[in-house]
Amino acid sequence: MKYYLATYGCQMNEYDSAMIASMLEDVGYYETENAEDADVILVNTCSVRKKAEDNIYARISQLKPLKQSNPDLRIAVLGCMAENHGAKITDTLKHVDFVVGPDQYRGLVDILALPPSKSPHRQQPKSVLVGFDSAENYDDNFAKILSPFSTHITIQRGCNKRCAYCIVPFTRGIEKFRPVESILAEVQKAVDKGVKEISLLGQTVNSYRYEGNSFANLLSKVAEIKGVERLRFTSPHPRHYTDELLWVLTHTPQISPHTHLPLQSGSNDILKSMRRQYDSEDFLAIVEYLRASDPFYGVTTDIIVGFTGETEEDYLQTLEVVKHAQFDHAFMFAYSPREGTEAFDWPDSISEAEKHRRLQKLIDLQNEITRQRSQNMIGREEKVLIERPSPKNPEEWMGKTGNFKNVALPADFSPQAGDIVTAKITEVRGWTLRGEAINL
Ligand code: SAH
Ligand code: SF4
Ligand code: F3S
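Sequence positions are assigned chain by chain, starting from 1 and proceeding in written order. Working convention: letters from A go to chains and numbers from 1 go to ligands, in the order in which they are written. Residue-level local features of this predicted model are given only where pLDDT is at least 70; pairs of side-chain atoms are given and counted only at 80 or more, and the full residue set underlies all totals for whole chains, interfaces and linings. The basis for every side-chain value is the complete set of heavy atoms in the structure, and neither hydrogens nor water enter the calculation.

Draft legend 1. View of the overall build of the protein chain. Every helix listed is a DSSP run of H or I at least four residues long, and every strand listed is a run of E at least two residues long, numbered separately from the N terminus. For the protein chain, the helix and strand inventory stands at 14 helices and 21 strands. Values of the radius of gyration come from C-alpha atoms, whereas the globule rule sets the reference at 2.2 Å times the count of residues to the power 0.38. In terms of C-alpha radius of gyration, the protein chain reaches 22 Å, essentially the compact-globule figure of 22 Å for 440 residues. With the C-alpha coordinates of the protein chain rotated into their principal frame, the extents come out at 65 × 55 × 50 Å. Counting every position in the protein chain, which comprises 440 residues, the buried fraction comes to 56%. The contacts in the protein chain between residues at least 6 apart in sequence include a share of 73% that link residues at least 24 apart. In these tables, accessible area is a Shrake-Rupley quantity obtained with a 1.4 Å probe, and a residue counts as shielded only by the protein chains included in the view. Carbon and sulfur atoms form 51% of the exposed surface of the protein chain, whose accessible area is close to 19100 Å². Any residue under 20% of the maximum accessible area for its type is buried, any over 50% is exposed, and the rest in between are partly exposed; the area is computed with a 1.4 Å probe on protein chains only. For this analysis, residues touch if any pair of their heavy atoms sits within 4.5 Å.

Draft legend 2. How the structure looks around the domain arrangement of the protein chain. What marks off one domain from the next here is an automatic or database domain assignment. By domain assignment, the protein chain separates into domain 1 (2-129), domain 2 (150-375) and domain 3 (381-438). For domain 1 versus domain 3, the separation of C-alpha centres amounts to 37 Å.

Draft legend 3. Representation of the site of ligand 3 in the model. The environment of ligand 3 is made up of G9, C10, N13, T45, C46, S47, V48, C80, R172 and Q203. The classification used treats Ala, Val, Leu, Ile, Met, Phe, Trp, Tyr, Cys and Pro as nonpolar, Asp, Glu, Lys and Arg as charged, and all other residues, Gly among them, as polar. A breakdown of the residues in the shell around ligand 3 according to their chemical character gives 4 nonpolar, 5 polar and 1 charged. Put simply, a residue is near a molecule or strand once any heavy atom of it comes within 4 Å of that molecule or strand.

Draft legend 4. View of the environment of S235. The topology assignment puts S235 in the loop between strand 13 (230-234) and helix 10 (243-251). A C-alpha to C-alpha distance of 6.1 Å links S235 and H260, two positions 25 residues apart in sequence. With residues up to four places along the chain from it excluded, the contact list for S235 reads G202, Q203, T204, V205, H260 and P262.

Draft legend 5. The packing of helix 10 against helix 12 (residues 280-293), seen in detail. To obtain each axis, a line is fitted to C-alpha atoms, and for helices this fit is confined to the stretch in contact; angles are then taken between N-to-C directions over 0 to 180 degrees. Where helix 10 meets helix 12, the closest approach of the two axes is 10 Å, and the angle between their N-to-C directions is 25°. The pairing of helix 10 with helix 12 is recorded here as roughly parallel in orientation. Here helix 10 runs over helix 12; the crossing is right-handed. Counted together, L246, W247, L249 and T250 of helix 10 and I286, Y289, L290 and S293 of helix 12 form the full contact between these two elements. Partitioning the contact of helix 10 with helix 12 into residue classes produces 6 nonpolar, 2 polar and no charged. For classification purposes, angles smaller than 35 degrees are called roughly parallel, those larger than 145 roughly antiparallel, those between 65 and 115 roughly perpendicular, and all remaining angles oblique. Each crossing is labelled by how the near helix is turned from the far one, with a counterclockwise turn of less than a right angle marking it left-handed and a clockwise turn marking it right-handed.

Draft legend 6. Seen up close, the side chain of Q156. Tracing the sequence through the fold places Q156 in strand 8 (residues 156-157). Its relative accessible area of 1% is what places Q156 among the buried residues. Among the polar contacts made by the side chain of Q156, one reaches the side chain of E175 at a distance of 3.2 Å. Under this definition, polar contacts are N or O atom pairs within 3.5 Å; protein pairs additionally need one hydrogen-donor-capable and one acceptor-capable atom, and for neighbouring residues in sequence, both atoms have to be side-chain atoms. Reaching out from Q156, the side chain makes a polar contact with the side chain of T204 at a distance of 2.8 Å. Other than its neighbours up to four places away in sequence, Q156 contacts E175, K176, F177, L201, G202, Q203, T204, V205 and S207.

Draft legend 7. Region of interest: helix 12. Each residue after the first adds 1.5 Å to the expected span of a helix. The end-to-end C-alpha distance of helix 12 is 20 Å, a good match for the 20 Å that 14 residues give at a rise of 1.5 Å each. Those residues of helix 12 hidden inside the fold are in contact with helix 10, strand 14 (258-260), helix 11 (268-274), strand 15 (298-305), helix 13 (312-325) and helix 14 (352-375).

Draft legend 8. Focus on the pattern of salt bridges. When a carboxyl oxygen of Asp or Glu is within 4 Å of a side-chain nitrogen of Lys or Arg, the pair counts as a salt bridge. Following the criterion strictly, the structure yields 31 salt bridges and no others. Note that K144 is salt-bridged to E31, the shortest N-O span being 3.2 Å. With a gap of 113 residues between them, K144 in the loop between strand 6 (128-129) and strand 7 (150-154) and E31 in strand 2 (residues 30-31) connect regions that are remote in the sequence. For E31, a relative accessible area of 35% gives the class partly exposed. Note that R373 is salt-bridged to D328, the shortest N-O span being 3.0 Å. Taken as a pair, R373 in helix 14 and D328 in the loop between helix 13 and strand 16 (329-334) lie far apart in primary sequence, 45 residues in all.

Draft legend 9. Quick peek at the sheet that holds strand 20 (residues 420-429). For two strands to pair, DSSP has to find at least two bridges joining them. The strand order around the closed barrel formed by 5 strands is 17-18-19-21-20, and the pairing between neighbours is mixed. For this sheet the average axis-to-axis angle between neighbouring strands, irrespective of direction, equals 55°. Bridge count for strand 17 (residues 381-389) against strand 18 (residues 396-400) is 4 bridges, and the pairing is antiparallel. Its bridge partner being in strand 18, L385 is matched across the sheet by K400.

Draft legend 10. Representation of unusual backbone geometry. Here the amide bond leading from T234 into S235 is cis, since omega sits at -10°, within 30 degrees of zero. A positive phi angle, close to 75°, is found at Q264, a residue other than glycine. Topologically, Q264 is positioned in the loop between strand 14 and helix 11. Residue Q264 is classed as buried on the basis of its relative accessible area, which comes to 7%. Non-glycine residue Q277 carries a positive phi angle of around 70°. Looking at where Q277 falls in the secondary structure, it is placed in the loop between helix 11 and helix 12. Taking the relative accessible area as the measure of exposure, Q277 reaches 43% and is therefore partly exposed.

Draft legend 11. Main features of the environment of E14. Position of E14 among the secondary structure elements: in helix 1 (residues 11-26). Along the sequence, E14 and T171 sit 157 residues apart, while their C-alpha atoms lie 16 Å from each other.

Draft legend 12. The arrangement of helix 9 (residues 215-224) in detail. All of the buried residues in helix 9 are F215, A216, L218, L219, V222 and A223. Taken down its axis, helix 9 places every buried residue within 160° of arc, on the same side. Its buried side turned inward, helix 9 meets helix 8 (180-192), strand 10 (197-201), strand 12 (213-214), strand 13 and helix 10. Directions from the helix axis toward the C-beta atoms define the arc.

Draft legend 13. A look at the environment of V228. Assignment of secondary structure puts V228 in the loop between helix 9 and strand 13. Sequence-wise, V228 and I198 are 30 residues apart; in three dimensions their C-alpha atoms are separated by 7.0 Å. Not counting the four nearest positions on each side in its chain, V228 is found in contact with V187, V191, K196, I198, V222 and Q254.

Put into structure tokens, the structure is as follows:
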């Protein structure tokens with residue numbers, strides 16, 4: 001049996017897809033890169049913004065002809081949209097057989113063994129498997145390792161915050177932490193396979209706690225495992241940067257000098273109505289601490305503009321914080337009201353055109369900062385983890401610096417994916433640095 005798996009959304013969905021791949025392969029399925037060849041098509045979905053959902057609905061609709069030409073094909077919708085919309089998906093997209101939410105993947109193998117629905121009017125009675133399970137951490141299901149040098153490992157599922165705009169707590173449930181032993185065992189398995197870079201995942205990953213262990217303790221334990229050369233994590237929440245954590249981050253050589261620290265807004269009033277639990281001063285203090293340890297410390301972020309009630313003054317405060325923080329990169333979004341969240345019922349007073357004006361001006365500002373931060377890297381010697389040949393130029397290979405910047409290197413040193421080489425940064429080309437390998 002061949003399965004085709006498409007993944008949308010965040011790294012936690014990517015991890016879940018890799019875990020599902022290993023569950024399916026354990027019972028004899030194998031992967032195809034071609035949806036047309038598949039016996040089973042799985043679409044792991046995201047609900048975070050309306051646009052994300054619209055794209056995924058469009059993609060799933062496009063699968064209809066495949067079902068018409070192969071009535072035995074099974075189509076399953078997984079992930080956050082599955083949890084969010086449940087039976088509405090099978091009602092509106094009649095060619096979808098199964099809907100399985102993030103806490104129900106253990107039931108996936110059995111559900112896929114059910115016959116597909118051959119008519120819109122004869123769907124399987126058990127075709128929708130959603131709902132939260134407070135005990136489900138998938139501790140014993142390690143994800144398939146997809147890259148020879150780098151892997152993600154989820155340590156926290158769900159989220160206990162209730163940011164007023166955010167659907168995630170409704171699609172993933174309350175926070176659950178994996179036991180330390182299970183995480184360390186998965187890290188060990190990855191390094192035994194040659195993986196050098198580990199990224200720990202959770203929606204507020206630094207709120208991790210388990211039987212007396214803090215996130216800082218966990219990082220130290222992972223860093224001690226022989227073979228872990230680069231340790232990363234995403235996404236930390238500004239509220240959970242303890243002094244202990246800041247110390248560990250700046251004193252553990254295996255931990256890469258990069259943090260993805262979501263700001264969301266620079267206005268304290270908006271942060272309050274978003275229920276973010278920090279203010280812009282707290283946020284900037286973290287950035288300053290990290291940059292004091294290393295001025296090239298990579299700091300990336302997420303920002304929402306046009307949240308309900310955001311005045312021009314609030315927006316200008318976001319621009320000010322962005323100038324102060326000097327982010328290396330930012331993901332920037334126009335606010336998208338999500339049904340079921342607290343803010344959905346608040347009047348969305350800002351027009352789409354105004355949201356987009358604000359977004360574009362913010363993007364222009366951040367692009368200039370990103371360019372300047374990259375420019376500052378010229379002349380530096382950086383350790384680069386080699387990832388893959390450049391898709392644009394066969395004579396170059398791509399890699400990443402510790403502070404999470406992409407670097408293209410001429411392939412004159414017989415590179416292999418997973419090598420860590422020292423390179424001198426020589427120029428900036430668009431969003432990519434260019435360098436030359438040295439000391440070989
Ligand atoms: N757990 C992370 C964020 C996860 S969602 C955190 O706390 O920061 C990823 C990003 O999507 C968020 O950081 C936010 O910037 C954006 N986002 C979430 N909900 C959104 C919405 N309703 N409209 C626009 N952007 C949203
Ligand atoms: Fe959403 Fe807030 Fe949880 Fe992040 S911390 S996932 S933004 S509710
Ligand atoms: Fe999207 Fe779910 Fe991640 S809503 S951002 S895939 S947790």
